[in-house]
Amino acid sequence: MLFFLDANAVNARQRDSALNELERMAQAGLIEVQYTEVTFAEASHGCGKRSEKAAEFEWAGVVEESGFPAQWREAIEKAVFPGGVQSTSQQNDVTALVTAKLAGAFFVTTDGASKTQPRGILGSRCDLSELGIDVLTPIEAVALAKART
């Protein structure tokens, strides 16, 4: 099982018990945990602890060929940002989700589905699921990994 972490799941201070458990399961070889190229770049910026923590993981990128990613990119953009992509950060979210789609990975994030961020990636997960992209919170990712290992 492959899980891609969003940049907000860097867990540099090890305060998120669910992310700690995902990391433990990955170290035990039960699952794979990686970043996408763009979430790795985002996670690597900031304080030194954050950069160091992000560097512990591998990352995967998108190969743009034969129009396939462009078609998925458009569908994902509409699912997550119906009003259109407004920032580099939102474009990075789309690229990360395209990467997850192409890799068949579960995407782990804390982005959205809250009062302050009602849509976001989590708030769009039903639409993303219809596109074959599974978006999970860290707690949900641990539960799934435990159920399947």
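### Quick look at the overall build of the protein
Phase 1 of the analysis: Looking only at helices and strands, one finds seven helices and five strands in the protein.
Phase 2 of the analysis: Shown N-terminal to C-terminal, the secondary structure of the protein runs as helices and strands in the order β-α-β-α-α-β-α-α-β-α-β-α.
Phase 3 of the analysis: Taking all contacts inside the protein whose residues are at least 6 apart in sequence as the whole, residues at least 24 apart take part in 66%.

### Quick look at the pattern of salt bridges
A pair can form between side chains of opposite charge whenever their charged atoms are brought close.
Phase 1 of the analysis: Evaluation of the coordinates by the stated rule reveals four salt bridges.
Phase 2 of the analysis: For the salt bridge of R24 with E21, the shortest nitrogen-to-oxygen distance reads 2.7 Å. Of this pair, R24 and E21 both sit in helix α1 (residues 17–27), three residues apart, roughly one helical turn.
Phase 3 of the analysis: Under the relative-accessibility criterion, R24 is labelled partly exposed at 42%.
Phase 4 of the analysis: Overall, E21 belongs to the buried group, its relative accessible area being 18%.
Phase 5 of the analysis: A salt bridge links K146 to E21; the nearest nitrogen and oxygen atoms lie 4.0 Å apart. Here the residue K146 occupies a position in helix α7 (residues 138–148), and E21 occupies one in helix α1, the gap between them amounting to 125 residues.
Phase 6 of the analysis: A relative accessible area of 49% places K146 in the partly exposed class.
Phase 7 of the analysis: Shared partners join several salt bridges into a network, and the residues in it are E21, R24 and K146.

### Concerning the nonpolar core
Phase 1 of the analysis: Formed by 22 residues in total, the largest nonpolar core has its most connected members in F3, L5, L22, I31, Y35 and V108.
Phase 2 of the analysis: Those elements that place two or more of their residues in this core are β1 (2–5), α1, β2 (32–36), β4 (106–108) and α7.
Phase 3 of the analysis: Each residue touching I31, except ones within four places of it in the same chain, is listed here: M1, F3, L22, M25, A26, A145 and T149.
Phase 4 of the analysis: Core analysis: the next-biggest nonpolar cluster, separate from the first, contains 21 residues, W72, A79, V98 and F107 among them.

How each quantity is defined
Residues numbered from 1 in each chain as written. Predicted model: local features only at pLDDT ≥ 70, side-chain atom pairs only at ≥ 80, totals over all residues. Heavy atoms only, no water. Helix = DSSP H or I, 4+ residues; strand = E, 2+ residues; numbered from the N terminus. Contact = heavy atoms within 4.5 Å. Salt bridge = Lys/Arg side-chain N within 4 Å of Asp/Glu carboxyl O. Buried < 20%, exposed > 50% of the residue type's maximum accessible area, 1.4 Å probe, protein only. Core = buried A, V, L, I, M, F, W, Y, C linked by side-chain atoms within 4.5 Å.

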